[in-house]
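Topology and contacts: notes
Residue-level listing of the chains:
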Amino acid sequence: MSELTLTVLRLGLLALLWAFVLAVVGVLRTDLLGTRVTARRTERERPRRSRAAAAEPETPAPRRERATLVVTEGSLRGTTLALGRAPVLIGRGADCTLVLDDEYASTRHVRITPAEGGTGWVVEDLQSTNGTHLGRERLSAPQPFEPGTPLRIGRTVLELRR
């Protein structure tokens, strides 16, 4: 082999080695720092409505009483979560709204959603391994979640308060 061929092979292997090292660093960076969080748009950045749409009166959404989800038993005792219009996902998974440190909780254990009509809340078990108890009964289908009723997920007990 000529000296030129050996030099080209060495440089190619060196470039391949650096590409591998950079790929490993990128994966480690993602694992250590997690996913990137993007900021929400402010009112000024949101697109404006046309004048015709602005002239039409908006129908007001039904008023929902403010509700708070309170952890009454378990490792997160005293934790509160204000409920809004968005569904709340509870479990051990990092993508959950309320992340439980409970070995009896599934990754995605329970979903709490606003009830139709704008009043109240509905709790739904997401096929968890150990089940969910609303009051004294095991949850098998979506049920209304009334204030003061305990919701047991493993060793964690939650309560809806207004």
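All figures in this text were calculated on a predicted structure; none of them were measured in a lab.

In space, the 5 strands of this open sheet follow the order 4-3-5-6-9, with mixed pairing throughout. Two strands close off the open sheet at either side, each with one partner strand: strand 4 (98-99) and strand 9 (143-144). Pairing of strand 6 (residues 121-125) with strand 9, which is carried by 2 bridges, proceeds in the antiparallel orientation. Along strand 9, the bridge assignment pairs Val 123 with Gln 143.

Turning next to the pattern of salt bridges. Note on pairing: side chains with opposite charge can pair once their charged atoms come close. Using the criterion set out here, one finds 5 salt bridges in the structure. In this structure, the salt-bridge partner of Arg 161 is Glu 159, at a minimum N-O distance of 3.1 Å.

Attention now goes to the environment of Leu 98. For Leu 98, the location among the structural elements is in strand 4. The class of Leu 98 is buried, set by a relative accessible area of 8%. Between the alpha carbons of Leu 98 and Leu 69 there is a distance of 9.9 Å; along the sequence they are 29 residues apart. For Leu 98, the residues in contact, after removing those within four places along its chain, are Val 71, Leu 76, Thr 79, Leu 81, Leu 89, Ile 90, Gly 91 and Leu 158.

The rules behind the values
- Residues numbered from 1 in each chain as written.
- Predicted model: local features only at pLDDT ≥ 70, side-chain atom pairs only at ≥ 80, totals over all residues.
- Heavy atoms only, no water.
- Pairing = 2+ DSSP bridges.
- Helix = DSSP H or I, 4+ residues; strand = E, 2+ residues; numbered from the N terminus.
- Salt bridge = Lys/Arg side-chain N within 4 Å of Asp/Glu carboxyl O.
- Buried < 20%, exposed > 50% of the residue type's maximum accessible area, 1.4 Å probe, protein only.
- Contact = heavy atoms within 4.5 Å.

All quantities given are derived from atomic positions and should not be read as evidence of function.
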